[in-house]
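What the coordinates show
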Amino acid sequence: GKMNKAMEWLSDNKDPKIICHPAVVMFSDVFWGQLANRYFLLGRLYFLFMLIVFLFSQSILNHLHAHIEDEKEEEYIGIFACRIVIYLGSMTRFIYQQMKQLITDCRSGNVTRIGGILPVPTYLFSYKEFGSMVLMTCLILMLCLEPILHCLGSDNKKLFYPHCKEAKNIKDAYSVIAAVAMLLYWLLLTDLTVFSMRISAFLLVIGRVASEVGLFLGALVYIIVSFGSAISSLNQKLKDFAGMHVGGLSLWEIALGMYPTSHFEQVMDEPFVMVAIWLFAVLIAVFLMNLLIAQLNGAYAAVYDDMVGYARLNRAAVIVTTLEQVSDKRWARFIQAQRFEERLEFNEGDIGLPGGLQLTEPSNANPTTVDAIRRFGGSTSRAMPWPEEENLDGGDDDKFDRLEKLIVRATKNMGGSGRSKKGGSSSAGASGSGGGSAGAEEEGSE
């Protein structure tokens, strides 16, 4: 048979409490540890290989020498080879995946309209898929602006020379797009955190509290624009505040602590500007920064209890998408390895029912003095009458059980009172003894 839809439903439900239920944790860990992690790791290793190749082509091989004249032809050949691997092995793969998901969403009508007007495929609302689409666009633009291709027709002594006159005007745009693509490669590699629940939870918490930082930056920009336009309206002759755009940049430097201290001497000559900057600094340093800290604390406290649940939801989504790539033969071997047809043992020699997964735990993890399973000797035929249970009338065994529970409860009370203060200890002991005598009298009356 195929995989049950329960994991997919739990992932779509987005409930961090249910996904942490012991039963759900057990079967999700079985899927992940024995089947899904291998397929997921293989896909991520290919992506990691492409990142390393891209790193060599954009950040290592082209910066081996301080001067262009010292660069060798072999280095240009290596850069061109790495970029060809990126364009053929990474860009084409992104194009195939994006077109496949786009066609699937369009055919199934899985489209979300932004503002009720602009239709957008639903798969793009995932940060991973959206980042892949942007990375694909960057690689296509890099291919169109590739300096080596623009220099192929020029007269150069070195093969694959990228510093010709034809490529001079496009190198800046190419470098900016390459920098954006490099950041996207590293961002998409964060999927590997799914192997560790602790790291994955930390990363998800960062994403949850990032909205608070966005609100802070929005408020900061609003205040900078307000004070920048106000200071520009004053009758002052400061170059750092000559115009709204220049004043806004100066206020941004003041907010970040990057404004030169020597320039404040010029500001002191303009009292109205000095008052405005003082109000701006107090508003940013005292109010907004402390408000940001309070917001981050509140957002973290709200997410802290469920951060492991969110991490497990992320892993569940990865399991669902990864198991779709598993072949039928591999799935059949996985099912056969679970041995669902074999009966499970409750204890050594105590054979139970088939169709489950057996988990072991230390013998002292959950000590019990009463066996939860009632066993009766004899035939298991349905025609045989059910044996009558003994001690239903409150025999000696029940009395001993109640006495044992009473002793355990009294021992706990005595242990708790010993750790309290002396005065509190005596009062707790008195109340405990009183409760114990009352319990003893109640047992005696029974």
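One can find the structure itself at the top, above this paragraph.
Residues numbered from 1 in each chain as written. Predicted model: local features only at pLDDT ≥ 70, side-chain atom pairs only at ≥ 80, totals over all residues. Heavy atoms only, no water.

1. What to know about the overall build of the protein chain
The line we're drawing: Working definition: helices are DSSP H or I runs of at least four residues, strands are E runs of at least two. Numbering for both runs from the N terminus. A 1.4 Å probe rolled over the protein chains alone gives each residue an accessible area, and that area as a share of the maximum for its type sets the label: buried under 20%, exposed over 50%, partly exposed in between. By definition in these notes, contact holds between two residues if any of their heavy atoms fall within 4.5 Å. Using the Shrake-Rupley algorithm and a 1.4 Å probe, accessible areas are obtained, with residue cover drawn only from the displayed protein chains.
Scanning the protein chain for helices and strands turns up 14 helices and 4 strands. Counting only residues that meet the buried cut, the protein chain has 29% of its 446 residues in that class. Counting contacts in the protein chain only where the partners sit at least 6 residues apart, residues at least 24 apart contribute 66% of the total. Per element, the accessible surface of the protein chain, about 29700 Å² overall, is 62% carbon and sulfur.

2. A word on the nonpolar core
What counts is decided by this rule: Among buried residues, the Ala, Val, Leu, Ile, Met, Phe, Trp, Tyr and Cys ones that are joined through side-chain atoms within 4.5 Å form a nonpolar core.
Counting residues in each nonpolar core, the largest one holds 30 residues, and the members touching the most others are Phe54, Ile86, Phe94, Leu135, Leu139, Met142 and Tyr185. Sorting the residues of this core by element identifies α2 (22–60), α3 (73–108), α4 (127–144) and α6 (171–188) as the ones contributing at least two each. In contact with phenylalanine 54, other than residues within four places in its own chain, are Ile86, Leu139, Met142, Ala178, Ala181, Met182 and Tyr185.

3. What about unusual backbone geometry?
Of note in the backbone geometry, lysine 14 takes a positive phi value of approximately 60° without being a glycine. Taking relative accessible area as the criterion, lysine 14 reaches 53% and is therefore assigned exposed. In this structure, arginine 339 is a non-glycine residue whose phi angle is positive, near 55°. Note on placement: arginine 339 falls in the loop between α12 (328–338) and β3 (343–347).

4. Examining empty space enclosed by the protein
Put simply, the rule is: Whether a set of points on the 1 Å grid over the protein atoms alone is a cavity depends on a 1.4 Å probe fitting there but being unable to get out, while an open set qualifies as a pocket with protein on both sides within 12 Å along at least five of seven lines; lining residues are those with an atom within 4 Å of a point. Grid points are joined across faces, edges and corners, and a volume is the space filled by probe spheres set on the points. Three classes are used: nonpolar for Ala, Val, Leu, Ile, Met, Phe, Trp, Tyr, Cys and Pro, charged for Asp, Glu, Lys and Arg, and polar for all others, with Gly counted as polar.
All chains considered together, the criterion is met by 1 cavity of 30 Å³ or more. Surrounding the largest cavity, Tyr46, Phe47, Met50, Gly89, Ser90, Arg93 and Phe94 form its lining. Only α2 and α3 provide two or more residues apiece to the lining of the largest cavity. Here the lining of the largest cavity gets 4 residues from one element, more than from any other, and that element is α3. For the lining of the largest cavity, the class distribution of residues is 4 nonpolar, 2 polar and 1 charged.

5. Considerations on the pattern of salt bridges
Quick note on the threshold: For this analysis, a salt bridge means a side-chain nitrogen from Lys or Arg found within 4 Å of a carboxyl oxygen belonging to Asp or Glu.
One pass over the full model with this rule turns up 7 salt bridges. Among the salt bridges present, the one from aspartate 191 reaches arginine 44, with a minimum N-O distance of 3.7 Å. In this pair, aspartate 191 sits in the loop between α6 and α7 (197–232) while arginine 44 sits in helix α2, placing the two residues 147 residues apart along the sequence. Summarising the burial analysis for this pair, aspartate 191 and arginine 44 share the class buried. Across the pair aspartate 191 and lysine 128 runs a salt bridge whose closest N-O atoms are separated by 3.3 Å. Here lysine 128 lies in helix α4 and aspartate 191 lies in the loop between α6 and α7, a separation of 63 residues in the sequence. Using a relative accessible area of 14% as the deciding quantity, one classes aspartate 191 as buried.

6. Overview of the state of the cysteines
What counts, and what does not: Cysteine sulfurs are considered disulfide-paired once they come within 2.5 Å of each other.
For the structure shown, the criterion picks out 1 disulfide. In this model cysteine 151 forms its disulfide with cysteine 164; the gap between the sulfur atoms is 1.8 Å. What sets the handedness of the cysteine 151 and cysteine 164 disulfide is the S-S torsion sign, and at about -85° it is left-handed. Linking cysteine 151 in the loop between α5 (147–150) and α6 with cysteine 164 in the loop between α5 and α6, this pair joins segments that are 13 residues apart in sequence. Accessibility assignment for this pair places cysteine 151 and cysteine 164 in one class, buried.

7. Brief notes about α7
Spelled out, the test is: To estimate the expected span of a helix, subtract one from its residue number and multiply by 1.5 Å. Bend at a residue means the angle formed by two fitted axes: the first through the 7 residues ending at that position, the second through the 7 residues beginning there.
Look at α7: 52 Å from first C-alpha to last across 36 residues, which is about the 52 Å you get at 1.5 Å a residue. The largest bend in α7 is about 30°, located at valine 209.

8. Observations concerning α12
Let me state the cut-off plainly: Each direction from the helix axis to a C-beta atom contributes to the arc, which is the arc of those directions.
Every buried residue belonging to α12 is among Arg330, Trp331, Phe334 and Gln338, and all of these are buried. Down the axis of α12, the sector holding all buried residues measures 100°, keeping them to one side. Facing away from the buried surface of α12 by more than 90 degrees, the exposed residues are Asp328, Lys329 and Gln336. Along its buried surface, α12 packs onto α2.

9. Here we look at the packing of aromatic side chains
Our working definition: Only rings of Phe, Tyr and Trp enter the pairing, Trp through its six-membered ring, and a pair is recorded when the two centres are within 6.5 Å. The plane angle decides the type: under 30 degrees is stacked, over 60 is edge-to-face, the rest tilted. We call a charge positioned above a ring when the Lys NZ or Arg CZ atom is no farther than 6 Å from the ring centre and deviates by at most 35 degrees from the ring normal.
One pass over the structure, following the stated rule, counts 15 aromatic pairs. When the centroid spacing of 5.6 Å and the interplanar angle of 45° are considered together, the rings of tyrosine 300 and tyrosine 304 count as tilted. Here the residue tyrosine 300 and the residue tyrosine 304 both occupy positions in helix α10 (residues 271–304), the gap between them amounting to 4 residues, near one helical turn. Given the relative accessible area of 38%, tyrosine 300 is considered partly exposed. Overall, the relative accessible area of 44% leaves tyrosine 304 in the partly exposed class. Measuring from centroid to centroid gives 5.5 Å for tryptophan 331 and phenylalanine 334, while their planes differ by 40°, and the two rings are tilted. With a gap of 3 residues between them, tryptophan 331 and phenylalanine 334 both fall in helix α12, about one helical turn apart. In this structure, tryptophan 331 and phenylalanine 334 share a single accessibility class: buried. Over the ring of phenylalanine 47 we find arginine 44; its NZ or CZ atom is 4.9 Å from the centre of that ring. Sitting above the plane of the tyrosine 310 ring, arginine 208 keeps its charged end 3.9 Å from the centroid.

10. A few points about the layout of surface pockets
Roughly 2100 Å³ of internal volume is contained in the largest pocket. As for the largest pocket, its lining consists of 48 residues, of which Ser126, Lys128, Glu129, Ala317 and Thr321 are closest to the centre. For the lining of the largest pocket, the secondary-structure elements that each account for two or more residues are α1 (6–13), α2, α3, α4, α6, α7 and α11 (307–323). Considered class by class, the residues forming the lining of the largest pocket number 19 nonpolar, 17 polar and 12 charged.

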